[in-house]
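Descriptive structure summary
Residue-level listing of the chains:
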Amino acid sequence: PSAGVLGRAWPNPFRPSTIIPFRLDEEADARIDIWDVSGRRVRQLVGARMPAGDHQAVWDGRDDTGRKLSNGTYFYRMAIDGRRVPGAGKALLIR
């Protein structure tokens, strides 16, 4: 199975955007989603076949429809080839 590493968002806290670094050990289908504190998925940041190596996803504090989300704590998780990568990150949005 493919493996990878999900890095820490920076800057954090953030306004207006944050960068989430991640690495894929080999070419794979990568997905990174953002979740609110109630457990609702609010944004898919990455959803594509990607080459091995270091990558960055930029989140602008908006949901999938482009609406600005409110201040607060959000969580991000990564899946590779449909399997969740252990661990999750946390990002604090400040408007």
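Our structure is the block above this text.
Just so it is clear, the model here is predicted, and its values are computed rather than measured. (Residues numbered from 1 in each chain as written. Predicted model: local features only at pLDDT ≥ 70, side-chain atom pairs only at ≥ 80, totals over all residues. Heavy atoms only, no water.)

1. Quick notes on the pattern of salt bridges
- As enumerated under the stated definition, the model contains 11 salt bridges in all.
- Note that Asp33 and Arg31 form a salt bridge whose closest N and O atoms lie 2.7 Å from each other.
- We classify Asp33 as buried; its relative accessible area is 9%.
- Of the charged contacts, one joins Asp63 and Arg67 as a salt bridge, the two residues approaching to 3.2 Å between their closest N and O atoms. (Salt bridge = Lys/Arg side-chain N within 4 Å of Asp/Glu carboxyl O. Buried < 20%, exposed > 50% of the residue type's maximum accessible area, 1.4 Å probe, protein only.)

2. Description of the environment of Ile34
- On the secondary structure map, Ile34 appears in strand β3 (residues 28-35).
- Sequence-wise, Ile34 and His55 are 21 residues apart; in three dimensions their C-alpha atoms are separated by 17 Å.
- Among residues more than four places away in sequence, those in contact with Ile34 are Ile20, Arg40, Arg41, Val42, Arg43, Leu45, Trp59, Tyr74, Phe75 and Tyr76. (Helix = DSSP H or I, 4+ residues; strand = E, 2+ residues; numbered from the N terminus. Contact = heavy atoms within 4.5 Å.)

3. Notes on unusual backbone geometry
- Following Asn12, the chain continues into Pro13 via a peptide bond in cis, with omega recorded as 5°.
- Positionally, Pro13 belongs in the loop between β1 (4-6) and β2 (18-24).
- Cis geometry is found at the peptide bond from Arg15 to Pro16, where omega equals 5°.
- With respect to the helices and strands, the residue Pro16 is situated in the loop between β1 and β2.
- The phi dihedral of Asp81 falls on the positive side, at around 50°, and the residue is not glycine.
- Turning to its location among the elements, Asp81 is positioned in the loop between β6 (72-80) and β7 (83-84).
- Given the relative accessible area of 29%, Asp81 is considered partly exposed.

4. A closer look at the side chain of Thr18
- Position of Thr18 among the secondary structure elements: in strand β2.
- In this structure the side chain of Thr18 is engaged in a polar contact, spanning 3.2 Å, whose partner is the backbone oxygen of Trp10.
- Within the local environment of Thr18, its side chain forms a polar contact with the backbone oxygen of Pro11, the two atoms lying 2.9 Å apart.
- If sequence neighbours within four positions are ignored, Thr18 has contacts with Ala9, Trp10, Pro11, Ala57, Val58 and Trp59. (Polar contact = N/O pair within 3.5 Å; in protein donor to acceptor, adjacent residues only side chain to side chain.)

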